Amino acid sequence: MKRVVITGAGTINALGRDVASTLEAMREGRCGIGELDIRDVDRLAIRIGGQVRDFEAESVFNRQQLTLYDRFTQFTLVAAAEAIAQCGLEFTGELAARAGVVLGTAGGGVSTWDDNYRSVYEDGKNRVHPFVVPKLMNNAAASHVSMQYNLKGPSFTVSTACASSNHAMAQAFQIIRSGMSKAMVTGGSESMLCFGGVKAWEGLRVMSRDACRPFSANRNGMVQGEGAGVFVFEEYEHARARGADILAEVVGQAMSSDAADIVMPSKQGAARAIAGALHDAGVSRDEVGYINAHGTGTAANDKTECAAVADVFGPHADSLMISSTKSMHGHLIGGTGAVELLACIMALRDGVIAPTIGYEEFDPECALNVVPNEAREAKVDVALSNAFAFGGLNAVLALRRI
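If you're wondering where the values come from, they're calculated on a predicted model, not measured in any experiment.

Caption draft 1: Quick peek at unusual backbone geometry. Phi at asparagine 150 is positive, roughly 65°, even though this residue is not glycine. Unlike most non-glycine residues, alanine 161 shows phi in positive territory, near 55°.

Caption draft 2: Here's a closer look at the nonpolar core. Counting 44 residues, the largest nonpolar core has Ile6, Met26, Phe231, Phe233, Tyr290 and Leu399 as the members making the most contacts within it. Secondary-structure elements contributing two or more residues to this core are strand 1 (4–13), helix 1 (19–28), helix 8 (164–177), strand 7 (227–235), strand 8 (248–257), helix 14 (336–350), strand 11 (352–353) and strand 14 (393–400). Looking at this core, the element that brings in the most residues is helix 14, giving nine residues. Sequence-distant contacts of leucine 399, that is, excluding residues within four places in its chain, are made with Ile6, Ala248, Glu249, Val250, Val251, Leu341, Cys344, Ile345, Leu348, Asp381, Val382 and Ala383. Ranked by size, the runner-up nonpolar core spans 33 residues in total, among them Ala80, Ala83, Val101 and Ala183.

Caption draft 3: Representation of the side chain of glutamine 51. Along the polypeptide, glutamine 51 turns up in the loop between strand 3 (48–49) and helix 2 (63–66). Classification of glutamine 51 as buried rests on a relative accessible area of 8%. Within polar-contact distance, the side chain of glutamine 51 engages the backbone nitrogen of aspartate 37 at 2.9 Å. For glutamine 51, the contacting residues outside a window of four places in its chain are Ala14, Gly32, Glu35, Leu36, Asp37, Ile38, Leu193 and Glu226.

Caption draft 4: Geometry of the sheet that holds strand 9 (residues 288–292). Here we have ten strands laid out as an open sheet, ordered 5-4-6-7-1-8-14-13-9-10, and mixed in their pairing. Edge positions in the sheet fall to strand 5 (155–158) and strand 10 (321–323), since each of these pairs with one other strand and no more. Each strand axis lies, on average, 25° off the axis of its neighbour in the sheet, ignoring direction. The sheet contacts of helix 3 (residues 71–87) involve strand 1, strand 4 (100–104), strand 6 (183–190) and strand 7, and relative to strand 1 the element is tilted by about 140°. Its contacts with the sheet put helix 14 on strand 1, strand 6, strand 7, strand 8, strand 9, strand 13 (382–389) and strand 14, and the angle it makes with strand 13 is roughly 165°.

Caption draft 5: Structural detail: the packing of helix 8 against helix 14. Two numbers describe how helix 8 lies on helix 14: the axes approach to 6 Å, and their chain directions differ by 70°. Considered as vectors, helix 8 and helix 14 are oriented roughly perpendicular to each other. Residues Ser165, Asn166 and Met169 of helix 8 lie in contact with helix 14, whose contacting residues are Thr336, Gly337, Ala338 and Leu341.

Caption draft 6: Summary view of the packing of aromatic side chains. Under the criterion given, the structure shown has five aromatic pairs. Note on tryptophan 113 and tyrosine 117: the rings are 5.7 Å apart at their centroids and 25° apart in plane angle, and the pair reads as stacked. Pair noted here: tryptophan 113 and tyrosine 117 are both in helix 5 (residues 110–122), with a separation of four residues, about one helical turn. The exposure class of tryptophan 113 is partly exposed, given its relative accessible area of 38%. Their ring planes at 20° and their centres at 6.0 Å tell us that tryptophan 201 and phenylalanine 390 sit as a pair that is stacked. In this pair, tryptophan 201 is assigned in helix 9 (residues 195–202) and phenylalanine 390 in the loop between strand 13 and strand 14, connecting sequence segments 189 residues apart.

Caption draft 7: Fine view of the packing of helix 11 (residues 267–281) against helix 12 (residues 299–313). Here helix 11 crosses helix 12 at 45°, and the two axes come no closer than 8 Å. Classified by the angle between their axes, helix 11 and helix 12 sit oblique to one another. Along this stretch, helix 11 crosses helix 12, giving a crossing that reads as right-handed. Across from Lys267, Ala270, Ala271, Ile274, Ala275 and Leu278 in helix 11, the residues of helix 12 making contact are Thr304, Ala307, Ala308, Val309, Asp311, Val312 and Phe313. Of the residues that constitute the contact of helix 11 with helix 12, the class distribution is ten nonpolar, one polar and two charged.

Caption draft 8: Fine view of the layout of surface pockets. Taken as a whole, the largest pocket encloses approximately 700 Å³ of empty space. In terms of lining, the largest pocket is formed by 27 residues, of which the most central are Ile38, Arg71, Ser111, Asp115 and Leu193. When residues of the lining of the largest pocket are traced back to their parent elements, those giving at least two are helix 3 and helix 5. When residues of the lining of the largest pocket are assigned to their parent elements, the largest contribution, five residues, is made by helix 5. Broken down by class, the residue content of the lining of the largest pocket amounts to nine nonpolar, five polar and 13 charged.

Basis of the calculations
- Residues numbered from 1 in each chain as written.
- Predicted model: local features only at pLDDT ≥ 70, side-chain atom pairs only at ≥ 80, totals over all residues.
- Heavy atoms only, no water.
- Core = buried A, V, L, I, M, F, W, Y, C linked by side-chain atoms within 4.5 Å.
- Buried < 20%, exposed > 50% of the residue type's maximum accessible area, 1.4 Å probe, protein only.
- Helix = DSSP H or I, 4+ residues; strand = E, 2+ residues; numbered from the N terminus.
- Contact = heavy atoms within 4.5 Å.
- Polar contact = N/O pair within 3.5 Å; in protein donor to acceptor, adjacent residues only side chain to side chain.
- Pairing = 2+ DSSP bridges.
- Axes fitted to C-alpha atoms, helices over the stretch in contact; angles between N-to-C directions.
- Parallel < 35°, antiparallel > 145°, perpendicular 65-115°, else oblique.
- Phe/Tyr/Trp six-rings, centres within 6.5 Å; stacked < 30°, edge-to-face > 60°.
- Left-handed = near helix turned anticlockwise from the far one by under 90°.
- Nonpolar A, V, L, I, M, F, W, Y, C, P; charged D, E, K, R; others polar.
- 1 Å grid on protein atoms, 1.4 Å probe; cavity = no way out; pocket = protein on both sides within 12 Å on 5 of 7 lines; lining within 4 Å.
- Points joined across faces, edges and corners; volume = space filled by probe spheres on them.

Right, here's the structure in full:
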């Protein structure tokens, strides 16, 4: 099987408009969560989120493009441009024919749905724009990335709620490892911070009104975010032959289903995904130094994840560093794993562990080293990225320093 490395990274999220500013914010433990600036916010019970503020799409895209690009697609294209520029690949000839795109999203064009429901039901209009369907479809972002960069190989979208990005990146990893492609653009995006998107999540009663405090005993729910994370995964020998700057190696993945409950997480399902990623990567438990946790800040998720980590790692769990960057950028739902992978790369490449901010009270059910409130310097050889979704769908990635 082929080795797979990361040669490009791009992002836009509540912490920054690019990778450098995002990592700087993570190092500083800066919070990107604040008051929402959206239409009809006064009708919402939840009024905070990890919003990408002052994003002027008109300054990035022309009028024709904006008729086709929902906000989640806009974020994807911004992040993809950074990642592809960094990797230095030009997708022509045979490389273009075999390179593709696998992206994750849970909601796709939620803003487009919201705008057009308003138009029809609230404003009483009888027609919508002819491009509403191609604008809102979940595969819109993947399709536009493929068209923008001449990617003619396997291209598709994965939608598995909060695990979408990790599932997508796992698929991209497998495609390259199998020898099917030399390079894949992968990651995910989400933009649910509109009235309808937030109102729907309010109904679940899992949202915090004030802050995201993963693993803290006084945590009271998750906080939504928005944005995108996009990477270029590349076959190792291909990257080395052209002298590419390698950010990290992807060495394993695993996916599992709880097959138990539509919303309540299962320790056993999460543990099987974590253990499976270690097995697939061929690494021992003791080699892992950092885990970017799913860490939503809900009572059920955090204690279940900590229990799963403790079960898999045994005594080594006490030596692990595990943090949730959702405390800073919010929960990007289908795009969250992609932005969080940046924290794993930072740990491996820079030796900086992103903190879990907002941590206030010790919880005996989350008695692991959660890197509270301040970043830490440490040498890390192997890192894991966890994603556990509603529906009991789990995906874990393993990365190694190179």
